[in-house]
Amino acid sequence: MAMILLFVFKTPSRKLLIMSLDRVKRGRGPVMVKTVAGTVFVVLMSSVYSMVKIQKRGFHDGGGVNPTDQVLMAKHLLEATLMDQGRTWDLDLFAHDFRRVSIK
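The rules behind each value
- Residues numbered from 1 in each chain as written.
- Predicted model: local features only at pLDDT ≥ 70, side-chain atom pairs only at ≥ 80, totals over all residues.
- Heavy atoms only, no water.
- Helix = DSSP H or I, 4+ residues; strand = E, 2+ residues; numbered from the N terminus.
- Buried < 20%, exposed > 50% of the residue type's maximum accessible area, 1.4 Å probe, protein only.
- Areas by Shrake-Rupley, 256 points an atom, 1.4 Å probe, with all protein chains shown as cover.
- Salt bridge = Lys/Arg side-chain N within 4 Å of Asp/Glu carboxyl O.
- Contact = heavy atoms within 4.5 Å.
- Core = buried A, V, L, I, M, F, W, Y, C linked by side-chain atoms within 4.5 Å.
- Expected span 1.5 Å × (residues − 1).
- Patch = residues over 30% accessible without salt bridge, like charges linked within 9 Å, V, L, I, M, F, W, Y side chains within 5 Å.

Let's talk about the overall build of the protein chain
Looking only at helices and strands, one finds 4 helices and 0 strands in the protein chain. Starting at the N terminus and walking to the C terminus, you meet the elements of the protein chain as α-α-α-α. Expressed as a percentage of its 104 residues, the buried residues of the protein chain come to 12%. Carbon together with sulfur atoms contributes 70% to the accessible area of the protein chain, which is approximately 9000 Å² in total.

A look at the pattern of salt bridges
Under the counting rule described, the total for this entry stands at 2 salt bridges. A salt bridge links D69 to R57, with the shortest nitrogen-to-oxygen separation between them at 2.7 Å. Placement of D69 in helix α4 (residues 67-103) and of R57 in helix α3 (residues 29-60) is noted, with a sequence separation of 12 residues between them.

Remarks on the side chain of H76
Relative to the helices and strands, H76 resides in helix α4. Leaving out residues up to four positions away in the same chain, H76 has contacts with S47, S50, M51 and I54.

Here we look at the nonpolar core
One broad rule of soluble globular proteins: the nonpolar side chains tend to lie buried together. Formed by L44, M51, I54, M73, A80 and M83, the largest nonpolar core amounts to 6 residues. Those residues in contact with I54 that lie beyond four places of it in its chain are D69, L72, M73 and H76.

Quick word on helix α2 (residues 12-25)
If you check α2, its first and last C-alpha atoms are 21 Å apart, about what 14 residues at 1.5 Å a residue would give, namely 20 Å. Immediately beyond the C-terminal end of α2, within one or two residues, lies G27, with a positive phi of roughly 90°.

A look at a nonpolar patch on the surface
A contiguous nonpolar surface patch, about 410 Å² in accessible area, is contributed by F41, V42, M45, V48 and V52. Among the secondary structure elements, M45 is positioned in helix α3. With a relative accessible area of 37%, M45 lands in the partly exposed category.

As for the environment of A74
Looking at where A74 falls in the secondary structure, it is placed in helix α4. In this structure A74 comes out as partly exposed when scored by relative accessible area, which is 45%. A sequence separation of 23 residues divides A74 from M51, and the C-alpha atoms of the two residues are 8.9 Å apart.

Have a look at this one:
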């Protein structure tokens, strides 16, 4: 509660608090990136696993996939595609920023 109040009001201790929090959090970027990447990977693999399970269910039941399974398959495919495109877009931005920093 005290930390919130220090952030709300402009006092000299606010700047000290911001500087101390910045020092504590310094160097934790790679940990955050790995956590987010791991989470996205798990969700992506969950979508892929669900798609494989739907396809196997269709083959075991006599060949055809029912309309509900087709809708679920399309949903999982869209999720996986958007996650992959988002990851690719993030990597492209990172490479662009890295090039910009290395040029300067």
